[in-house]
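As a plain string of letters, each chain reads:
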Amino acid sequence: MKRILLYLPFFILLTIFSTRLIVGFKETLHLGYDEAVVYEISKLPAQSIFDTVQAEPHPFGFYILVKALSGFGKSNLKLLLTFIGTVLTFVSLIIAQKNELLEKYKLN
C-alpha cells in the first residue's frame, strides 16, 4: 500500500495535466484577468516591463518568458505554460522522493 501512495502524486499530476490538455485542444482557452494582464505587460519593451512589474508578485523573468513564447498565440501559450509548469512539478516530485523529503517533512 505504501508503494502505491508513493506514486499517487504523479498520478494526480498526470490526471490534471491530461484533463487540461484535452480541454485545451477541444475548447478555445480564454485568458483569465490576471493572465491577460501578464500577457499584455509582456508585449512591452524589456525596460518598460521592468519598470512596470517592480511591485508585481511574478518575477521579472516570467514576463520575459511570456514575451519570448507569445508568438504561439494566447491559447497555445496557456497550454505551453501549463506543460512547463507540469514538467517542473514532476521533476520537483522526483527530486523530493529521491531525497526522501516528503517523508522527512511529513508532506506525504
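Use the structure listed above.
One structure accompanies this document, and this report is about it. Small disclaimer: the values here were computed from a predicted structure and weren't measured. Throughout this document, residue positions are counted from 1 along each chain, in the order its sequence is written. Side-chain atom pairs in this predicted model are given and counted only at pLDDT of 80 or more, local residue features only at pLDDT of at least 70, and totals for whole chains, interfaces and linings cover all residues. Heavy atoms throughout the structure, all of them, feed into the side-chain values; hydrogens and water do not.

1. Let's talk about the overall build of the chain
Step number 1: Scanning the chain from N- to C-terminus turns up six helices and zero strands.
Step number 2: Strands are runs of DSSP state E lasting at least two residues, helices are runs of H or I lasting at least four, and both sets are numbered from the N terminus onward. Start at the N end of the chain and walk to the C end: the helices and strands fall as α-α-α-α-α-α.
Step number 3: Compactness check: the chain gives a C-alpha radius of gyration of 17 Å against a globular reference of 13 Å for 108 residues, more than 25% above the reference.
Step number 4: Categorising residues by exposure relies on relative accessible area from a 1.4 Å probe, with only protein chains included: less than 20% of the type maximum marks a residue as buried, more than 50% marks it as exposed, and the intermediate range marks it as partly exposed. When the 108 residues of the chain are sorted by exposure, 21% land in the buried category.
Step number 5: Note on definitions: a residue-residue contact is assigned when non-hydrogen atoms from the two residues lie within 4.5 Å. Taking all contacts inside the chain whose residues are at least 6 apart in sequence as the whole, residues at least 24 apart take part in 54%.
Step number 6: For the area figures, the Shrake-Rupley method with a 1.4 Å probe applies, and any residue is considered shielded solely by the protein chains shown. By element, 67% of the accessible surface of the chain is carried by carbon and sulfur atoms, the whole surface being about 8,100 Å². The atom set for the radius of gyration is the C-alpha atoms, and the globule formula is 2.2 Å times the number of residues raised to the power 0.38.

2. As for the packing of aromatic side chains
The geometry of an aromatic ring pair comes down to the distance between the two centres and the angle between the two planes.
Step number 1: Note on aromatic pairs: the rings of Phe, Tyr and Trp (six-membered ring only in Trp) are paired at centre separations within 6.5 Å, and the planes decide the class, stacked below 30 degrees, edge-to-face beyond 60, tilted for the rest. The final tally for this structure, using the stated rule, is three aromatic pairs.
Step number 2: Ring plane angle 70° and centroid distance 5.0 Å describe the contact between F10 and F90, whose orientation is recorded as edge-to-face. Taken together, the residues span a long stretch of sequence, with F10 in helix α1 (residues 2–26) and F90 in helix α5 (residues 74–98) at a distance of 80 residues.
Step number 3: Given a relative accessible area of 12%, F10 falls into the buried group.
Step number 4: Summarising the aromatic geometry, the rings of F62 and Y63 are spaced 6.1 Å apart at their centres and angled 80° between planes, so their arrangement reads as edge-to-face.

3. What to know about helix α4 (residues 60–69)
Step number 1: Listed in full, the buried residues belonging to α4 are Y63, V66 and L69. With its buried residues spanning 135° around the axis, α4 presents them on a single face.
Step number 2: On the buried face of α4, the contacting elements are α2 (33–42), α3 (46–52) and α5. In this context, the arc is that of the directions from the helix axis out to the C-beta atoms.

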